Amino acid sequence: MIELQHVDKWYDSYHALVDVTETIHRGEVVVVCGPSGSGKSTLIRTFNRLEPIQSGRILVDGQDIHASGLDVNALRSRIGFVFQQFNLFPHLTVLDNCTLAPIRLHGLTRTQADERALALLDRVGLAHKARAWPSELSGGQQQRVAIARALAMQPPLMLFDEPTSALDPEMVGEVLLVMRDLARDGMTMVCVTHEMGFAREVADRVLFMDEGRVLERATPGDFFDRPQHPRAQQFLSDIRSPFARSSLTTP
Amino acid sequence: MIELIDTYWLYFLVGQYPNGPLGGLALTVILAALGLVLALPLGIAFGLARVSPWRWLRWPVTALVFVVRGVPLLMVIFWAYFFLPSVTGHKTDQFTTMLIALVVFDAAYLAEIVRAGIRGLPRGQMECARSLGLSYGRAMRLVVLPQALRSMLPSLVNQFVSTIKETSLGYIIGLAEVSFIATQINTQVFTRPAEVYGILGLTYFILCFGLSRLAYALERRLARRGASAAAAREVSA
């Protein structure tokens, strides 16, 4: 479904993605993890051209997304994107957040769009908040609305950019449950996340990135229990027992 | 004072109308209102150009904004009055001259307010709208501008209040707006400048104060939606 061929990206002189070649298949749930600044978010932001790349090719459904004449808006409307900061539109109600794009881009009537949105809000457990303003919702609720909003475009592919990193701990679960259900329904998903429990239970495959490179690709079982690359081993031991880090124990 | 008002109130309000051209307070109000109505869309257009990703659009407008901001309004009026006819070939009347000067001048200031309003929003709003598949124009129109305009409201009103007062510079090119009329009255009465100009000042104050209050009410009404809900949540938390 997504094919990356020798993708390189620079922010000025900083090499953010280094020769990334990777294939994500339809129906697959891929978790991308790695230390901060490793290029995980940058990677998935290139899939819908939120980030330009300097060399290489990215194919979505066999189509080069940088081909001239490609309708980037049509491409993006087929890729759901969930942001760390939710980015609900604060001047619109929850329902209007979910109907804006379908009405404008799929040509739905308000009634059709409302119906579609309400079904999705129900799926994320927030149908009763349809008339609320985003500012009236908790972070976890806002993120679930953001997921419903992305789903309202009926994309065959969903990208999640650290969807739970901005949430209070007690709200992480409700968002992960929605994502798990989505995965079980067969959605193709690429999730950048630090939620290792989620990765272990839901992911088909884990990509480990550091310094712009994909250093390890493995099933969750292999990745967590038998990490191959020394950086991956270090990363896993860091997130498991942060107090054992040498930088913290030695003065 | 009563006698003064009694004698000149009609002249003050409408100038020589209906025996001559409309003037006085009526002309001031019309000039200010037209100025606002025309300057706002132009200001938004300029503001959008200022944040536009296209250089060919951004650069000329940026240059215009900097030039206009760098000269006094009086100078813009002189340009419109003396320079414009020499370009177009025919003489523009004082009202149109003043209106053009006001609109160009205010649009440049409004452009900066609009630019700041747009830049002040989180980047994620535009990004998110684009990620849904909305075009740049639609994202701007449906997501960014409605939020930006709301946060700009106090600055916009500030500029509008300035516009009302700026109409008084029409005096310089002999436009019979309310300041000009007041001066005429003062010349005729001669002995009571404090009262004449006191009334003139009060008139401007009422106009500006009225607009401010109107805008404040609008601001409150807009804020009652999202913001009050957030406040309620904070109190309960």
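The structure reproduced in this document is the subject of the present report. The numbers attached to residues start from 1 for each chain and follow its sequence in the written order. Each chain takes a letter, starting from A, and each ligand takes a number, starting from 1, following the order in which they are written. Given that this is a predicted model, residues contribute local features only at a pLDDT of at least 70 and side-chain atom pairs are listed and counted only at 80 or more, while totals for whole chains, interfaces and linings are drawn from all residues. The basis for every side-chain value is the complete set of non-hydrogen atoms in the structure, without hydrogens or water.

Some remarks on the environment of Gly-37 of chain A
All names here are of chain A. Along the chain, the position of Gly-37 falls in the loop between β3 (29-33) and α1 (40-47). A residue is classified by how much of its surface remains accessible, and Gly-37, at 58% relative accessible area, is exposed. Taking the C-alpha atoms as reference points, Gly-37 and Phe-86, separated by 49 residues in sequence, lie 20 Å from one another. Secondary structure is summarised from DSSP: a helix means a run of H or I of at least four residues, a strand means a run of E of at least two, and numbering begins at the N terminus for each. Partly exposed residues are those whose accessible area sits between 20% and 50% of the maximum for their type, while under 20% is buried and over 50% is exposed, using a 1.4 Å probe and protein chains only.

Re the nonpolar core
Ile-2 and Phe-47 of chain A are the most contacted members of the largest nonpolar core, which totals 101 residues. Per-element accounting of this core gives the leading share, 14 residues, to helix α5 (residues 94-119) of chain B. Pairs of residues are marked as contacts when any of their non-hydrogen atoms sit within 4.5 Å. Once residues within four sequence positions are removed from consideration, Phe-47 of chain A is found in contact with Ile-2, Leu-4, Ile-24, Val-60, Ile-65, Leu-75, Ile-79, Leu-159 and Val-190 of chain A. Formed by 51 residues, the second largest nonpolar core is a distinct cluster that contains Phe-160, Leu-176, Leu-182 and Phe-235 of chain A. Buried Ala, Val, Leu, Ile, Met, Phe, Trp, Tyr and Cys residues form a nonpolar core when they are joined through side-chain atoms within 4.5 Å.

Some points on helix α3 (residues 55-69) of chain B
All names here are of chain B. Taking 1.5 Å as the rise per residue, α3 with 15 residues should run 21 Å; its terminal C-alpha atoms sit 21 Å apart, in good agreement. Along α3, the residues that are buried comprise Val-61, Thr-62, Val-65 and Val-68. For α3, the arc enclosing every buried residue in end-on projection is 135 degrees, short of the 170-degree limit, so these residues lie on one face. Across from the buried face of α3, at angles greater than 90 degrees, the exposed residues are Arg-55, Trp-56 and Trp-59. Those residues of α3 that are buried lie in contact with α2 (24-50) and α5. Multiplying 1.5 Å by the residue count of a helix minus one yields the expected span of that helix. As used here, the arc belongs to the directions running from the helix axis to the C-beta atoms.

What about the packing of aromatic side chains?
Each aromatic ring pair is summarised here by two numbers: the centre-to-centre distance and the angle between the ring planes. When the centres of two rings from Phe, Tyr and Trp lie within 6.5 Å, Trp using its six-membered ring, the rings pair. Their planes under 30 degrees apart give stacked, over 60 give edge-to-face, and anything left gives tilted. Within this structure, the stated rule accounts for ten aromatic pairs over all chains. Residues Phe-208 of chain A and Phe-235 of chain A carry aromatic rings whose centres are separated by 5.3 Å and whose planes lie at 50 degrees to one another, so their mutual orientation is tilted. Linking Phe-208 of chain A in strand β9 (residues 205-210) with Phe-235 of chain A in helix α9 (residues 230-240), this pair joins segments that are 27 residues apart in sequence. Phe-235 of chain A shares its class with Phe-208 of chain A; the two are buried. Aromatic side chains Tyr-81 of chain B and Phe-82 of chain B sit 5.0 Å apart centroid to centroid with 75 degrees between the ring planes, which places their arrangement in the edge-to-face category. The exposure class assigned to Phe-82 of chain B is exposed, which follows from its relative accessible area of 56%. In textbook terms, an aromatic cluster arises when at least three aromatic residues are bridged by ring pairs, as seen for Phe-208, Phe-223, Phe-224 and Phe-235 of chain A.

Digging into the pairing of strand β1 (residues 2-11) of chain A
All names here are of chain A. Bridge analysis of β1 against strand β2 (residues 14-24) gives seven bridges, and the strand direction is antiparallel. Opposite Val-7, over in β2, you have Val-20 as the bridge partner. Pairing between strands is defined by DSSP: at least two bridges between them are needed. Between β1 and β2, which pair antiparallel and follow one another directly, the connecting turn spans two residues, one of which, Asp-12, has a positive phi of 50 degrees. Pairing between β1 and strand β4 (residues 55-60): five bridges, direction antiparallel. Residue pairing for β4: Glu-3 is matched across the bridge by Leu-59.

Focus on the sheet that holds β2 of chain A
Residues and elements named next belong to chain A. On the basis of which strands lie adjacent, the open sheet formed by four strands has the order β2-β1-β4-β5 and antiparallel pairing. Because the sheet does not close on itself, it has two edges, and the strands there are β2 and β5 (63-64). Lines fitted to C-alpha atoms define the axes, with helix axes restricted to the stretch in contact, and inter-axis angles between N-to-C directions lie between 0 and 180 degrees. In the packing of α1 onto the sheet, contacts are made with β1, β2 and β4, and the angle to β2 comes to roughly 60 degrees.

Thoughts on the environment of Pro-53 of chain B
Residue and element names in this part refer to chain B. Relative to the helices and strands, Pro-53 resides in the loop between α2 and α3. Separated by 145 residues in sequence, Pro-53 and Gly-198 place their C-alpha atoms 50 Å apart. Not counting residues up to four positions away in its chain, the partners in contact with Pro-53 are Arg-58 and Tyr-136.

Let's talk about a nonpolar patch on the surface
Any residue with relative accessible area above 30% and no salt bridge may belong to a patch, with like charges joined within 9 Å and the nonpolar Val, Leu, Ile, Met, Phe, Trp and Tyr side chains within 5 Å. The Shrake-Rupley method, run with a 1.4 Å probe sphere, supplies the accessible areas, and residue values consider only the shown protein chains as cover. Salt bridges are counted wherever a side-chain nitrogen of Lys or Arg sits within 4 Å of a carboxyl oxygen of Asp or Glu. A cluster of nonpolar side chains, Tyr-17, Leu-22, Ile-30, Leu-34, Val-37 and Leu-38 of chain B, forms an exposed patch at the surface whose accessible area comes to about 490 Å². Examined against the element boundaries, Leu-22 of chain B turns out to sit in the loop between α1 (2-14) and α2.

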